[in-house]
Amino acid sequence: MVEKSGLQTAIGRVCLSRRIIQKGTSKGFLHAITSAMALQSSEKNGKLSADLERVVLEFNEVGVIKFGCYKLKSGVQSPIYIDLREIISFPSLLTTASNLLAGTIYNDDAVVHDVICGVPYAALPIATLEAKAHGTKKVVEGRIVPGNRCIIIDDVCTSGLSIIETANDLREVGLIVTDAVVLLDRQATGVANLAQHGIKLHWALNLTQICSVLVGAGHLTPDVAQQVEAFIAGSCKNEANGDLTALHAALGVSSWKALHFSERKKLSQNEIAQRLYQVMLDKESNLAVAADLTSCAAVLALAEAIGRDICLLKIHVDIIEDFTLEFIMDLKKIAGRHNFLIMEDRKFSDIGFTVSNQLGGGLYRIGDWADFVTFHGLPGSGIVEGLKTGMKNCSRSVACILVADMSSKGALTGPEYVSSAVKIAEEHRDDVVGFVTQTDLSSCDASFLRMTPGVNISAAGDGLGQQYNSPEEVVGRCADIIIVGRGVTGAADPAAAAAMYKTRAFAAYRRRVDKL
Ligand SMILES: O=c1ccn([C@@H]2O[C@H](COP(=O)(O)O)[C@@H](O)[C@H]2O)c(=O)[nH]1
């Protein structure tokens, strides 16, 4: 660990980097880079941007840049290889490189952070072994302040795998990760993969720039530069495919998007969530419809009309003007016939005692019929204890879904709230089986369901703060299940609309699983 309290790095005023934390034990390039960054003081202020051309030429001179036929980690043959580990033997070049990285961060106002983390990929196996065998068994070393924004620094980005793994570890200890900075982007799939995990990639150099500088200086023939361009254009796909096994392995452990619903079902420990996965698989539907209608007859008619295409019907029982428990019995029959589950979107948000009565009693007796109920994390973990207590007064168990954040404009569910709220779910995973969310919650494991409202093929909002995205956008970003309300209930033909949303959402899920 390298720690420098109160350090103001040469990166400048936008990033008051107080500390550096490192994943595992670094002995390589990044240890040196991050140390160099930390040790540069503000005495260098104003001289932050490195001379790109000079760096490339220096790299070339010491043999960091190699042309020929090189087998990458993915197995793909590349006409260019950049071995940045070598620059550790050239202190002045190391300083130049760290300035370049610092300049990359400085030049982008978006890169605001409290701490930085170096990712020495080559040292990760050693770090992992050490973490398992010795001491605190921590994977992330350094003083962790949950809620701090941490920027990840790596040498080279190809698929983004090592950064994704590191981000997952950092997020697990409560840090917020939204940006990564690398010295070199190989222009493969890193930018896209990282974006899928909520990380923006910033880079100092890319292969195209390197070739262009070297051609300009007469150190590289245009032919070879063209080969490199062709490689970038044509083989980045293969490169990504070659790396797919490793990517899958990593994502299977610490992320969820790549996994098929059948695999997710196996990971879930909750019988109701398992049933929902099975329904999704059997019906090839990840569509939940929000039946926000105000009469029992209207809800029942809708359920009958769209039942075959949905995996879940979501209701707000307290907006139904003529509610009776007979209505619930009728709805359950339709659910049985069409094989869907029912979620009461009650958004419980009170202290445990009150919530236990709201779930287990009252006029609606929600706990006696809902398969899923939603709740807010705002009151703290006592709310889950309250829900569990309420269930004791009910004839059956209910699976709980935490509202991690909200679709509405100006929602106060910022990243710190979300990360505290999801901890409640992680601590109660027997009862809390998923989230209502607008983000992929990548730090949470694959056993949790993600449901996303605010879906409508018409992008216009409702004038009351609701914000909409398409099924494709939300499934790509974060949703296992899309929740569509007025897109179906307000359509001229709700059954046809439901069929359309179902087809589009499930196709988007298939693409997501196939792609990753
Ligand atoms: O963040 C949230 C949480 C819940 N909802 C609910 O979803 C539906 C959306 O209905 P639309 O007609 O598609 O806007 C509604 O029942 C909300 O209570 C949400 O929209 N956002």
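Residues numbered from 1 in each chain as written. Predicted model: local features only at pLDDT ≥ 70, side-chain atom pairs only at ≥ 80, totals over all residues. Heavy atoms only, no water.

(A) Just the UniProt feature "binding site: substrate" (unreviewed entry) in the protein, in detail. In the UniProt entry, the feature "binding site: substrate" (unreviewed entry) is given for Asp-292, Lys-314, Ser-407, Gln-466, Gly-485 and Arg-486. By secondary structure assignment, the location of Ser-407 is in the loop between strand E13 (399–403) and helix H16 (415–427). Ignoring anything within four residues of it in the chain, the contact list for Ser-407 reads Gln-438, Pro-453, Gly-454, Gly-465, Gln-466 and Gln-467. A distance of 2.6 Å separates polar atoms of two side chains, one belonging to Ser-407 and the other to Gln-466. Here Gln-466 shows up in the loop between strand E15 (449–452) and helix H17 (471–477). In this view, Gln-466 contacts Ser-407, Ser-408, Gly-454, Gly-461 and Arg-486; residues no more than four positions away in its chain are not counted. (UniProt positions renumbered as here; feature names shortened; annotations may be inferred. Helix = DSSP H or I, 4+ residues; strand = E, 2+ residues; numbered from the N terminus. Contact = heavy atoms within 4.5 Å. Polar contact = N/O pair within 3.5 Å; in protein donor to acceptor, adjacent residues only side chain to side chain.)

(B) Representation of unusual backbone geometry within the structure. In this structure, Gln-187 is a non-glycine residue whose phi angle is positive, near 60°. Topologically, Gln-187 is positioned in the loop between strand E7 (176–185) and helix H6 (190–196). Positive phi, normally seen in glycine, also occurs at Asn-339, with a value near 60°. Note on Asn-339: relative accessible area 34%, which makes it partly exposed. (Buried < 20%, exposed > 50% of the residue type's maximum accessible area, 1.4 Å probe, protein only.)

(C) Representation of the pattern of salt bridges within the structure. With the rule as written, the count across this model stands at 20 salt bridges. Between Glu-473 and Arg-477 there is a salt bridge, with its nearest N and O atoms 2.5 Å apart. Of this pair, Glu-473 and Arg-477 are both found in helix H17, four residues apart, which corresponds to roughly one turn of the helix. Between Asp-480 and Arg-512 there is a salt bridge, with its nearest N and O atoms 3.1 Å apart. Within this pair, whereas Asp-480 is found in the loop between H17 and strand E16 (481–484), its partner Arg-512 is found in helix H19 (residues 494–515), the two being separated by 32 residues in sequence. Relative accessible area serves as the criterion here: at 0%, Asp-480 is assigned to the buried category. A cluster of three or more residues bridged by salt bridges with shared partners is formed by Arg-275, Lys-332, Asp-371 and Arg-396. (Salt bridge = Lys/Arg side-chain N within 4 Å of Asp/Glu carboxyl O.)

(D) The nonpolar core, seen in detail. The biggest cluster of nonpolar side chains holds 86 residues, and the ones touching the most others in it are Leu-276, Leu-313, Phe-372 and Ile-482. Ranked by residues supplied to this core, first place goes to H19 with eight residues. Those residues in contact with Leu-276 that lie beyond four places of it in its chain are Cys-311, Leu-312, Leu-341, Phe-372, Leu-449, Met-451 and Ile-481. In terms of nonpolar packing, the next biggest core, distinct from the first, is built from 35 residues, Leu-72, Ile-153, Val-156 and Val-213 among them. (Core = buried A, V, L, I, M, F, W, Y, C linked by side-chain atoms within 4.5 Å.)

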